[in-house]
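What the coordinates show
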Amino acid sequence: MDRTPSKPMAALWMAGWLALMLIIAIAGREALRELNVFQLMLMRSAIGLCLLYPLIHRSGGFSVVRTQRLPQHIARNSIHFCAQLGWFFALTLIPIGQVVAIEFTMPIWTAILAAMFLGERMTISKFCAIVFGLVGVVMIVRPATGEINPGQLIALAAAVGFGISIAMVKSLTRTEQTVTIVFYMAAVQLAGSLLPGLYAWIWPSLTAWGWAIVVAFCGTFSHYCMTRAMLYADATVVVPMDFLRVPLTAMAGWLLYSERLDAFTVFGAALILTGNLVNLRASSPVPARAAT
């Protein structure tokens, strides 16, 4: 695997992540009009493993999934599984733009964990990117007064889980191949959703099957893109790039679901973009990581 630090390559892989995650938010909401969240996770994982097979075959067959870090894979993907369930459930309770915006408390947890356990430096550029991004998210969401929707709390809990998961992915990329990491993600999620998914199973319509396949494709290969990005840059460099998903999702919500896109959203998006540019244009090189 090429592990040469490269912010442009990290940005390229993150562009793939952004596109696929935008699609999965829309497809997930549409699929959940008919399907139970556990059934959707079951279908996503089973179809995702089938879609992943060509990459496994190209990488030398199932020998590529051999690992000496199975406990780490299980722990990481169990956390991610719970976070993903919460994320999909929140899609049914609050607007998709708000789900994604709340999710972006995630970089706080990722940055803290990466600094504490992975030895990553919290540089001024990384700190600025996080601050600009979070301020932009607050500008877009503008928490309303009154009772907090349970969907907001579920989305926040999912964000904490995603932050832990991403920090663990960065650790795994030091020794594991990308295909290996994504394989165990799908396998653990399949195991976790099998019994509740079968218990709640209803035979999907053709439309629901179509949306589930889109969710499976985007869910599988978005994580492939994220894991590849982690090979080229620190977690605290990669994650702030994901802030661009907030204005993109807000725009999709406006176009597809008539969710309002106002001046606050535009200004928030500008802050998010500014933070990413500050981070990407920082002159300090990313230190190389040796495999352990």
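Our subject is the structure that appears above.
What comes next is a walk through the structure. As the structure is a prediction and not an experimental result, all values here were calculated from the model.

With that settled, the discussion passes to the overall build of the protein chain. Along the backbone of the protein chain there are 12 helices and 0 strands. For the protein chain, the α and β elements follow one another from N to C terminus as α-α-α-α-α-α-α-α-α-α-α-α. Here the protein chain, with 292 residues, has 52% of them falling under the buried criterion. Partitioning the intrachain contacts of the protein chain with sequence separation of at least 6 by distance along the chain shows that 93% fall at a separation of at least 24. Of the roughly 13000 Å² of accessible surface on the protein chain, a fraction of 71% belongs to carbon and sulfur atoms.

In this section: a nonpolar patch on the surface. On the surface, Met122, Phe127, Val131 and Val135 cluster together to form a nonpolar patch covering roughly 340 Å² of accessible area. When you line up the elements, Val135 lands in helix H6 (residues 124-141).

Here the focus is the packing of helix H3 (residues 70-91) against helix H8 (residues 178-199). Interhelical geometry of H3 versus H8 gives an angle of 60 degrees and a closest axis separation of 9 Å. Classified by the angle their axes make, H3 and H8 are oblique. Considering only the axes of H3 and H8, their crossing is right-handed. The segment H3 lies against H8, with Leu70, His73, Ile74, Arg76, Asn77, Ser78, His80, Phe81 and Gln84 engaging Thr180, Ile181, Tyr184, Met185, Val188, Gln189, Gly192 and Ser193. Here the residues of the contact of H3 with H8 are counted per class, giving 7 nonpolar, 9 polar and 1 charged.

Glancing now at the nonpolar core. If you look at the biggest cluster of nonpolar residues, it comprises 65 residues, and the most contacted ones within it are Leu40, Trp87, Phe88 and Val238. Contributing elements (two or more residues each) for this core: helix H1 (7-31), helix H2 (37-58), H3, helix H4 (96-103), helix H7 (150-172), H8, helix H9 (206-232) and helix H10 (235-241). Top element by residues in this core is H9. It accounts for 13 residues. In terms of nonpolar packing, the next biggest core, distinct from the first, is built from 10 residues, Ala101, Phe104, Leu134 and Val246 among them.

As a further point, take the pattern of salt bridges. Taken as a whole and assessed by the stated rule, the structure comprises 2 salt bridges. Here Arg33 and Glu30 are joined by a salt bridge, their closest N and O atoms 3.0 Å apart. Classification of Arg33 by relative accessible area gives exposed; the value is 59%. Residue Arg245 pairs with Glu103 through a salt bridge whose shortest N-O separation is 2.7 Å. Taken together, the positions of Arg245 in helix H11 (residues 245-257) and Glu103 in helix H4 put the pair 142 residues apart, joining distant regions of the chain. Grouping residues by exposure puts Arg245 and Glu103 together as buried.

This paragraph deals with the packing of aromatic side chains. All chains considered together, the criterion is met by 8 aromatic pairs. Ring centres of Phe217 and Phe221 lie 4.9 Å apart, and the angle between their planes is 45 degrees; on these two criteria the pair is classed as tilted. Highlighted residues: Phe217 and Phe221, both in helix H9, separated by 4 residues, approximately one helical turn. Taking relative accessible area as the criterion, Phe221 reaches 17% and is therefore assigned buried. An aromatic cluster is defined as three or more aromatic residues linked by ring pairs; in this entry it consists of Tyr53, Phe62, Phe183 and Tyr184. Sitting over the face of the ring of Tyr257, Arg29 holds its NZ or CZ atom 4.6 Å from the ring centroid.

In this section: H11. Counted at 1.5 Å a residue, the expected span for H11 with its 13 residues is 18 Å, and the 17 Å between its end C-alpha atoms agrees. Burial in H11 covers these residues: Arg245, Val246, Pro247, Thr249, Ala250, Ala252 and Gly253. Trailing H11 by a residue or two, Ser258 shows a phi angle of about 60 degrees, which is positive.

Rules of the game
- Residues numbered from 1 in each chain as written.
- Predicted model: local features only at pLDDT ≥ 70, side-chain atom pairs only at ≥ 80, totals over all residues.
- Heavy atoms only, no water.
- Helix = DSSP H or I, 4+ residues; strand = E, 2+ residues; numbered from the N terminus.
- Buried < 20%, exposed > 50% of the residue type's maximum accessible area, 1.4 Å probe, protein only.
- Contact = heavy atoms within 4.5 Å.
- Areas by Shrake-Rupley, 256 points an atom, 1.4 Å probe, with all protein chains shown as cover.
- Patch = residues over 30% accessible without salt bridge, like charges linked within 9 Å, V, L, I, M, F, W, Y side chains within 5 Å.
- Salt bridge = Lys/Arg side-chain N within 4 Å of Asp/Glu carboxyl O.
- Axes fitted to C-alpha atoms, helices over the stretch in contact; angles between N-to-C directions.
- Parallel < 35°, antiparallel > 145°, perpendicular 65-115°, else oblique.
- Left-handed = near helix turned anticlockwise from the far one by under 90°.
- Nonpolar A, V, L, I, M, F, W, Y, C, P; charged D, E, K, R; others polar.
- Core = buried A, V, L, I, M, F, W, Y, C linked by side-chain atoms within 4.5 Å.
- Phe/Tyr/Trp six-rings, centres within 6.5 Å; stacked < 30°, edge-to-face > 60°.
- Lys NZ or Arg CZ within 6 Å of the ring centre and 35° of its normal.
- Expected span 1.5 Å × (residues − 1).

That's the geometry; what it means functionally is another story.
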